[in-house]
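The residues making up each chain are set out below.
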2 protein chains.
Amino acid sequence: MKFCSECASPVSLSIPAGDNRPRYVCTSCAAIHYQNPKMVLGSIPVWERDGELKVLLCKRAIEPRYGYWTLPAGFMENNETTAEAAIRETQEEAGANIKLGNLFTLLNVARVHQVHMFYLAELVDLDFAPGEESLEVQLFSERDIPWSELAFPTIQTTLELFFADRVKIREGGSYGFHTQDINRTMRAEGEEAK
Amino acid sequence: MKFCSECASPVSLSIPAGDNRPRYVCTSCAAIHYQNPKMVLGSIPVWERDGELKVLLCKRAIEPRYGYWTLPAGFMENNETTAEAAIRETQEEAGANIKLGNLFTLLNVARVHQVHMFYLAELVDLDFAPGEESLEVQLFSERDIPWSELAFPTIQTTLELFFADRVKIREGGSYGFHTQDINRTMRAEGEEAK
Ligand SMILES: [Zn+2]
Ligand SMILES: [Zn+2]
C-alpha cells in the first residue's frame, strides 16, 4: 500500500495513538488503513454408496499450484456467511450441488495471513463439472487420493483428519471439529523428484 | 474506497474478467482491490473456586457501545493465529492472564462483514485491570450478568451458550463447539426503556 484509498495522498507506516503496531496512516487525511487476515472457505464433498466413500477434488487451473489437486475452496466474500461461502465455492469450482454438514477444520496459516475452514458435505447428485478455476473435477476413494499432488498443506491436513475420523466412525464415533496451526509449506515443484 | 492504493488513480466499481461480482478496479494500473470479511477474536475468561464460577467482562471505553459490557475481543491481526489473537485481546482489554481452552463459538455477522469467535479460557490469577479500551473489568456470576447492558448480540449468544453448556456439564456432558448466524441487532439506546 502506497497511497490513501480515500484521498490519494501518500501513506506512511506509523503507530497511531492508542495502538501498538505500525499501520498505513495517510499523511494528509490521517485515515488509518488496517490490514487483517482473510478467510478461505471450502467443503469436503463426499459421495457414499454401497459402503464405498469417495471425495471430490478439483485440479487447479490457476496459480498458485496450477495442476495440483484441491478441495473446492476460496476467499470468503462480504455479505455472506462461512457456510454460504463454502457452498458457493463448491458450486463455482466443481459445479457441485452439496448438502452442507458441520464445520470440520479451522486451520491457521498465519504465515500468509489466512484462516482456512472446511465443512463436511454430501454431494446431492453426480452433476459436477469443472468451473473456470478448475482443469478437471474427480471423485477419489481414499486409496486413490493423489497425496503427492495436493495443492496446499491445509488440504492434506483436512483430508488426513477426515479419513482418521472415518476410522473412528466405523468404531462407533462421530466426526469431530479440529483446529490446527499450519506452519509447513508444500515442497516446491523442483524438489518433488528428490 | 475512491483511489488506488498502489498508484493513486481513481478506482471504479466493475466486474473483472472471470469474476462475478463488482470490485474496486484501478482505472490506470488495473489493480483489483478486494474487500473481505474480518475476524473478531475473543475469550470467555472464567474463575472457578469452591464450586462457584464467574466470568470476566469488560465495560467498553470506546464506541460503538461505549459503557456496555463485553467479553474481551477485537480484530485479529496479520501474522497471528486465532488463539494468539484471543489471548492478546484478553491481555489488552482486561489485563488478564489466561490459559486458553477450545474454540467455543463461531458466529457469522454477515450484515457487518464479520465472523466472531470466542475461546474457552481460565484465568490464571486475579491480576486483571482495565486496558485503554475498557472503563472497568469485573467478574460476574451467572445471576449477576448484566444481560440488558451487553454490547453486542454475539456476546449475548456466547454467554447464553456457555451457561447452557454448564448445565450439560453438571449432568456429565462437556463443552460443545457452536456455530450460529447472527442477524439481530442490539436495541438502540433510546429503545431500552420501552
Ligand atoms: Zn487520506
Ligand atoms: Zn492503480
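Residues numbered from 1 in each chain as written. Chains lettered and ligands numbered in written order. Predicted model: local features only at pLDDT ≥ 70, side-chain atom pairs only at ≥ 80, totals over all residues. Heavy atoms only, no water.

Caption draft 1: Here's a closer look at the pairing of strand E5 (residues 52-60) of chain A. Residue and element names in this part refer to chain A. Strand direction decides the pairing type here: strand E4 (residues 38-49) and E5, joined by 4 bridges, are antiparallel. What sits directly across from Trp-47, in E5, is Lys-54. Taken together, E4 and the strand that follows it, E5, pair antiparallel across an intervening segment of 2 residues, in which Asp-50 is found at a positive phi of about 50 degrees. Two elements, E5 and strand E6 (residues 69-70), share 2 bridges in a ladder whose sense is antiparallel. In the sheet register, Cys-58 faces E6, and the bridge partner there is Thr-70. (Pairing = 2+ DSSP bridges. Helix = DSSP H or I, 4+ residues; strand = E, 2+ residues; numbered from the N terminus.)

Caption draft 2: Structural detail: the interface of chain A and chain B. On the side of chain B, 37 residues touch chain A, which itself brings 37 residues to the contact. Carbon and sulfur atoms make up 50% of the area that chain A and chain B hide from each other, which totals about 3500 Å². Contact with chain B buries surface across chain A, with Pro-37, Glu-77 and Asn-78 of chain A losing the most and accounting together for 16% of the total. Counting across the interface, chain A meets chain B through 6 salt bridges. Across the pair Arg-21 of chain B and Glu-77 of chain A runs a salt bridge, and its minimum N-O distance is 3.8 Å. Where chain A packs against chain B, one counts 20 residue pairs in polar contact (both at pLDDT 80 or more). Where the side of chain A that touches chain B is concerned, the elements lending two or more residues are E4, helix H1 (82-94), strand E8 (98-109) and strand E9 (114-123) of chain A. Split into classes, the residues belonging to the side of chain A that touches chain B amount to 15 nonpolar, 11 polar and 11 charged. (Contact = heavy atoms within 4.5 Å. Buried area = accessible area lost by both parts, 1.4 Å probe. Salt bridge = Lys/Arg side-chain N within 4 Å of Asp/Glu carboxyl O. Polar contact = N/O pair within 3.5 Å; in protein donor to acceptor, adjacent residues only side chain to side chain. Nonpolar A, V, L, I, M, F, W, Y, C, P; charged D, E, K, R; others polar.)

Caption draft 3: Representation of the coordination of the zinc ion (ligand 1). Residues and elements named next belong to chain A. Every protein donor of the zinc ion (ligand 1) is accounted for by Cys-4 (SG), Cys-7 (SG), Cys-26 (SG) and Cys-29 (SG), and the metal-donor separations fall at 2.3 Å. Coordination at the zinc ion (ligand 1) comes from 4 donor atoms whose angles at the metal span 96 to 119 degrees, giving a geometry best classed as tetrahedral. On the primary sequence, the residues serving as donors to the zinc ion (ligand 1) are separated as C-x2-C-x18-C-x2-C. Of this pair, Cys-4 sits in the segment before strand E1 (11-14) while Cys-26 sits in strand E2 (residues 23-26), and the two are 22 residues apart along the sequence. (Donors = N, O, S within 2.8 Å, 3.2 Å for Na, K, Ca; no water. Tetrahedral: all angles 85-135°; square planar, octahedral: opposite > 155°, others 65-115°.)

As far as function goes, none of this settles anything; it's purely spatial.
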